[in-house]
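Observations on the three-dimensional arrangement
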Amino acid sequence: MLTQLNYLYGKPTATGQYKQQYEDFVVTEHLGFELTGEGEHVLVYLQKRDCNTIFVAEQLAKYVGISTKLVSYAGLKDRQAITMQWFSLHMPGQQTPDFSGFDLANCQILKVTRHNKKLKIGALKGNYFKIILRDLTAQSEIESKLALIKQHGVPNYFGEQRFGRGENNIIQAINWAKGAITVKDRKKRSFYLSAARSAIFNDIVSKRIEQQLHKTVIDGDILQLAQRSSWFVVQTDELALLQARLENGEINITAPMMGDSPLGTQFKALEFEQECLENWSEFYDLFKKERVETARRSLLLRADQLNWQWLDCHSLELDFYLPSGCYATSVIRELIIENE
């Protein structure tokens, strides 16, 4: 499914590898807010390597003697990587545990503090990435595309993690929508719905790129202020002004995260999105039944603080920052085709 999506700068001819070693993919979580140092929740900042986030959460719960339901985190992090992230343990009225005896292979606790609120999924501002690409070809092409990415960004596609191994989540979502299966497990329902909405979003973004509408404000578009969540609908008499603001990086075009509620777009933008959604009509009843709210997401993604250096002729180190919910693989995808 991801291989069929359009590229912003054309399909790469450069090839290469990433995640050949755990050290080739380093992720540092950025909450974006100060921790209080006191409160009902013990917060543990942990570095892990070759470890699943859920598994680490279970081991922390076991160590301090609480239910796994009382352990939370802001987001799932790659297993095949070195990642630094916070875990929240709800321990009201209890002393902060001594974690010196916590012994889990490939994990190291870096900091322990307290906070007055639970750490919820999505409760982070973003992530810093340090990625090494290896066995690269076409160095000059990669350099050219990096310059374009730094200036204009990449498609804000959801990555393969969203769809599960072998794209199982979206396959099961389609089966569920068609009534071929019943899904009772709450987590699976959530995963399948997210996969479906993400696939639809990716498809709309890809079609907009195909029609060269990713850099053009059209009548009735919903635009988002850069670095902010507020958005507004384009009116016909504002097109020229808003096009200039788009080119200056002040605003972003959005595409829908489909749900049961109205898309919000109007006029030509609404017609475009409705035409795209005709291919996904099997999900209409499911989203209505599950009461899924329609949301908006930026069409393009800017890799902030993007810097790079060649370690040798075939190895490249990338450093950049992405907002929460965005995928580093969307940046890599524009640069190389991964070797089999």
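In this report, we go over the structure that sits alongside the text. (Residues numbered from 1 in each chain as written. Predicted model: local features only at pLDDT ≥ 70, side-chain atom pairs only at ≥ 80, totals over all residues. Heavy atoms only, no water.)

Before going further, it helps to examine the packing of helix 2 (residues 139-152) against helix 8 (residues 328-335). In contact at an axis separation of 9 Å, helix 2 and helix 8 are set at 135° when each is read in the N-to-C sense. Looking at the two axes, helix 2 sits oblique to helix 8. The segment helix 2 lies against helix 8, with Glu141, Ile142, Lys145, Leu146 and Ile149 engaging Val331, Glu334 and Leu335. (Axes fitted to C-alpha atoms, helices over the stretch in contact; angles between N-to-C directions. Helix = DSSP H or I, 4+ residues; strand = E, 2+ residues; numbered from the N terminus. Parallel < 35°, antiparallel > 145°, perpendicular 65-115°, else oblique. Contact = heavy atoms within 4.5 Å.)

As a further point, take the packing of aromatic side chains. Overall, the coordinates contain 12 aromatic pairs when judged by the stated rule. Summarising the aromatic geometry, the rings of tyrosine 18 and phenylalanine 25 are spaced 6.4 Å apart at their centres and angled 35° between planes, so their arrangement reads as tilted. Pair check on accessibility: tyrosine 18 and phenylalanine 25 agree, each one buried. Members of the aromatic cluster, connected to one another through ring pairs, are Tyr18, Phe25, Phe129 and Phe320. The ring of phenylalanine 25 carries lysine 19 above its face, with NZ or CZ at 4.6 Å from the centroid. Its end group placed over the ring of phenylalanine 158, arginine 297 keeps NZ or CZ at 3.8 Å from the ring centre. (Phe/Tyr/Trp six-rings, centres within 6.5 Å; stacked < 30°, edge-to-face > 60°. Buried < 20%, exposed > 50% of the residue type's maximum accessible area, 1.4 Å probe, protein only. Lys NZ or Arg CZ within 6 Å of the ring centre and 35° of its normal.)

Glancing now at the packing of helix 3 (residues 168-177) against helix 4 (residues 186-210). Relative to each other, helix 3 and helix 4 sit at 95°, their axes nearing to 8 Å. Taken together, the axes of helix 3 and helix 4 lie roughly perpendicular to each other. Contacts from Asn168, Asn169, Ile170, Gln172, Ala173 and Trp176 in helix 3 reach Arg189, Phe191, Tyr192, Leu193, Ala195, Ala196 and Ala199 in helix 4. Residues belonging to the contact of helix 3 with helix 4 are distributed by class as follows: 9 nonpolar, 3 polar and 1 charged. (Nonpolar A, V, L, I, M, F, W, Y, C, P; charged D, E, K, R; others polar.)

What follows deals with the sheet that holds strand 9 (residues 222-225). Across the sheet, 4 strands lie side by side as 10-9-11-12; this open sheet has antiparallel pairing. Because the sheet does not close on itself, it has two edges, and the strands there are strand 10 (231-233) and strand 12 (295-298). Pairwise comparison of adjacent strand axes, ignoring direction, gives a mean angle of 45° for this sheet. One ladder, built from 3 bridges, connects strand 9 with strand 11 (residues 251-257); its direction is antiparallel. (Pairing = 2+ DSSP bridges.)

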